[in-house]
Amino acid sequence: MENKKPFFKRVHFYLAAVAFVFTIVALALYGGNCASEFNGGKVSAAVIGWDIVAIISLAAAIAGDVLEFFFDKDTLVGKICEYLRLFAYLAFVSLIVSFFMGILDEYSLLGTILYPIVSGTVGDPVDGTLAASYFVGLGFTFVSLVLSIVSALLHKREARLALAPAKEEAQA
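Figured I'd write up the structure that's included with this text.

What counts as what
- All residue numbers here refer to positions counted from 1 along the written sequence of the relevant chain.
- Totals for whole chains, interfaces and linings use all residues, but because this is a predicted model, local features are given only for residues with pLDDT of at least 70 and pairs of side-chain atoms are given and counted only at 80 or more.
- Just so you know, side-chain values use all the structure's heavy atoms and leave hydrogens and water out.
- Strands are runs of DSSP state E lasting at least 2 residues, helices are runs of H or I lasting at least 4, and numbering of each runs from the N terminus.
- When we talk radius of gyration, it's over C-alpha atoms, and the globule rule is simply 2.2 Å times the number of residues to the 0.38.
- Buried Ala, Val, Leu, Ile, Met, Phe, Trp, Tyr and Cys residues that are joined via side-chain atoms within 4.5 Å together make up what is termed a nonpolar core.
- Exposure classes here rest on a 1.4 Å probe applied to the protein chains alone. A residue is buried below 20% of its type maximum, exposed above 50%, and partly exposed in between.
- The contact rule is simple, with two residues in contact once any of their heavy atoms fall within 4.5 Å.
- Each salt bridge in this description consists of a side-chain nitrogen of Lys or Arg and a carboxyl oxygen of Asp or Glu lying within 4 Å of one another.
- When the centres of two rings from Phe, Tyr and Trp lie within 6.5 Å, Trp using its six-membered ring, the rings pair. Their planes under 30 degrees apart give stacked, over 60 give edge-to-face, and anything left gives tilted.
- Between the first and last residue of a helix there are one fewer steps than residues, each counted as 1.5 Å, and that sum is the expected span.
- Under the rule applied, a polar contact is a pair of N or O atoms within 3.5 Å (in protein, one hydrogen donor and one hydrogen acceptor; residues adjacent in sequence only if both atoms are side-chain atoms).
- All axes are obtained by fitting lines to C-alpha atoms, using only the stretch in contact for helices, and the reported angles, taken between N-to-C directions, cover 0 to 180 degrees.
- Oblique is the label for any angle not covered by the other classes, which are roughly parallel (under 35 degrees), roughly antiparallel (over 145) and roughly perpendicular (65 to 115).
- Here a crossing is taken to be left-handed if its near helix is turned anticlockwise relative to the far helix by less than a right angle, and right-handed if that turn runs clockwise.
- Throughout, the ten residues Ala, Val, Leu, Ile, Met, Phe, Trp, Tyr, Cys and Pro are labelled nonpolar, Asp, Glu, Lys and Arg are labelled charged, and all others, Gly among them, are labelled polar.

1. Some words on the overall build of the chain
Then step 1. Along the backbone of the chain there are six helices and zero strands.
Then step 2. When the elements of the chain are put in sequence order from the N terminus, they spell out α-α-α-α-α-α.
Then step 3. Expected size for 172 residues packed as a compact globule is a radius of gyration near 16 Å; at 21 Å, the chain overshoots this value by more than 25%.
Then step 4. Projected onto its principal axes, the C-alpha coordinates of the chain cover approximately 75 × 25 × 20 Å.

2. A word on the nonpolar core
Then step 1. The biggest cluster of nonpolar side chains holds 16 residues, and the ones touching the most others in it are C34, L109, Y134 and L145.
Then step 2. Put simply, the parts of the chain that give this core at least two residues each are α2 (45-70), α4 (87-105), α5 (107-119) and α6 (128-171).
Then step 3. With six residues, the single largest contributor to this core is α6.
Then step 4. Setting aside residues no more than four positions away along its own chain, L145 makes contact with F92, L95, I96 and F99.

3. Topic: the pattern of salt bridges
Then step 1. All chains considered together, the criterion is met by three salt bridges.
Then step 2. Its salt-bridge partner being E158, residue R10 comes within 3.0 Å of it at the nearest N-O pair. Note that R10 is positioned in the segment before α1 (11-33) and E158 in helix α6, a separation of 148 residues in sequence.
Then step 3. The class of R10 is buried, set by a relative accessible area of 10%.
Then step 4. A relative accessible area of 25% places E158 in the partly exposed class.
Then step 5. Connected through salt bridges with shared partners, the residues R10, E68 and E158 form a single ionic network.

4. Some thoughts on the packing of aromatic side chains
Then step 1. Considering all chains together, one arrives at 10 aromatic pairs under this definition.
Then step 2. Ring plane angle 70 degrees and centroid distance 5.1 Å describe the contact between F7 and F13, whose orientation is recorded as edge-to-face. There is no split in this pair, since F7 and F13 are both buried.
Then step 3. With a centroid separation of 5.6 Å and 45 degrees between ring planes, the pair formed by F99 and F142 is classed as tilted. Within this pair, whereas F99 is found in helix α4, its partner F142 is found in helix α6, the two being separated by 43 residues in sequence.
Then step 4. By relative accessible area, F99 is classed as buried at 14%.
Then step 5. Each member of the aromatic cluster is reached from another via a ring pair, and the members are F7, F8, F13, Y14, F69 and F70.

5. A word on α2
Then step 1. If you check α2, its first and last C-alpha atoms are 38 Å apart, about what 26 residues at 1.5 Å a residue would give, namely 38 Å.
Then step 2. For α2, every residue scored as buried is listed here: V47, D51, A54, I55, S57, L58, A60, A61, I62, G64, D65 and E68.
Then step 3. With a side-chain oxygen lying 3.3 Å from the backbone nitrogen of A46, the N-terminal cap of α2 falls on S44.

6. Let's talk about the packing of α1 against α2
Then step 1. Here α1 crosses α2 at 160 degrees, and the two axes come no closer than 9 Å. Taken together, α1 and α2 sit at an angle that is classed as roughly antiparallel. Along this stretch, α1 crosses α2, giving a crossing that reads as left-handed. Between α1 and α2, the residues in contact are H12, F13, A16, A17, A19, F20, T23, I24, L27, Y30 and G31 and V47, I48, D51, I52, A54, I55, L58, A59, I62, D65 and V66, respectively.
Then step 2. The residue inventory of the contact of α1 with α2, partitioned by class, reads 17 nonpolar, three polar and two charged.

In C-alpha cells, the structure reads:
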C-alpha cells in the first residue's frame, strides 16, 4: 500500500462533512416548520427531494474519502472509491436546485415578509418561527452548496497534485 495522506487530515473531508450536517439541518428546518397557509399547508416535494439527493450524494463522497484510504488504488474497490468524489458535484447541483426551488415555492411568503419592509407599510405579521425557519434553512442550504463545491474542487486539486509526480516518473 502506498503512502497516502489520511482522510482525517484532508480539508475537503471536513468541508463535505459540514455540508452534510448543514444539509440535514436545512431539511429538518424546512420540512418541520415551513408548512403554512402560504403554501397550502404543505412543503415542497421538490425541495425535500433534492435535499435528500444532496444528503445521499454527500454521504457517498464522504464514504469514498474514507474508503480510499483503506483500499489500494489498483483494486476494483480502490478505483470505485476514487470516482465516488464525483458525488460532491452531484450534491452541489442538487443543493442549487433545492435552494432556488425553496425560493420559487415560497414566493408568497417572501412577498408577505418583504413587502412591508420595502413599502414602509404595516402588513399581516408572519409567524416568527416560520420566517426564521425558512430563512435559516435557506442560509444553511446556501452554505452547504458552497462547502460542497469547495470540497469537490479541493479534492480535484489534491488528486491532480498527486498525479503530477507519477507523470514525471513515467516520463523519466
